[in-house]
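Architecture and fold: a report
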Amino acid sequence: MAIDRSKIQRQADAHMAAGKVERAIDELLKLLEDNPRDHAMMNRIGDAYLQIQREPEAVDMFKRAAAGYEREGFSSRAAAVFKKAHRHAPEDEDAATRLAELYRQTNLIK
C-alpha cells in the first residue's frame, strides 16, 4: 500500500517545528522505508539525530547516505556527507579512509 508522502512530510515538519525531534525522526524513517535510496533523507535524518545528541545513529545515517551518493557517482556530495560523519566520529577509520579517497578522486588534495 502506498503511503501519502506529502502528509508524512508535513507531519515531520510540524514535529520538528514543535521541537519533537524524535517524533519527526519516526516520520522521516517512514519516508526512508518507502524510498530506501533517498540519500538526502538519510542525511536529513542524520542531522535530526544530532539535534538529540544521538551521534552513533547520526554517523550511521551519514555513512549510508554518503555511500549511496558515492555509488551513484556523486563524489562531491559523498565527500561532503562523509566529512560530516568524520567530524562527529573522528575515530571511524572507514569514514576517514573513504573521505580521503573521495578527496583524491575529486582533486581536493594532491
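Structure shown above.
Right, let's walk through the structure included here. (Residues numbered from 1 in each chain as written. Predicted model: local features only at pLDDT ≥ 70, side-chain atom pairs only at ≥ 80, totals over all residues. Heavy atoms only, no water.)

**Regarding the overall build of the protein**
- Within the protein, the regular secondary structure consists of six helices and zero strands.
- For the protein, the sequential pattern of α-helices and β-strands runs α-α-α-α-α-α.
- With respect to the principal axes defined by its C-alpha atoms, the protein has extents near 45 × 30 × 20 Å.
- For the protein, restricting intrachain contacts to residue pairs at least 6 apart in sequence, the fraction spanning at least 24 positions comes to 42%.
- If you sum the accessible surface of the protein, you get close to 6,700 Å²; carbon and sulfur atoms cover 49% of it. (Helix = DSSP H or I, 4+ residues; strand = E, 2+ residues; numbered from the N terminus. Contact = heavy atoms within 4.5 Å. Areas by Shrake-Rupley, 256 points an atom, 1.4 Å probe, with all protein chains shown as cover.)

**Here's the deal with the environment of Val 81**
- Its location among the elements puts Val 81 in helix H5 (residues 75-88).
- On the basis of relative accessibility, which here comes to 5%, the residue Val 81 falls in the buried class.
- For Val 81, the residues in contact, after removing those within four places along its chain, are Asn 43, Phe 62, Ala 65, Ala 66 and Tyr 69. (Buried < 20%, exposed > 50% of the residue type's maximum accessible area, 1.4 Å probe, protein only.)

**A look at the packing of aromatic side chains**
- Scanning the model with the defined rule gives one aromatic pair in all.
- Note on Tyr 69 and Phe 74: the rings are 6.4 Å apart at their centroids and 85° apart in plane angle, and the pair reads as edge-to-face.
- On the accessibility criterion, Phe 74 (37% relative accessible area) is partly exposed.
- Arg 77 extends its terminal NZ or CZ atom over the ring of Phe 74, reaching a point 5.1 Å from the ring centre. (Phe/Tyr/Trp six-rings, centres within 6.5 Å; stacked < 30°, edge-to-face > 60°. Lys NZ or Arg CZ within 6 Å of the ring centre and 35° of its normal.)

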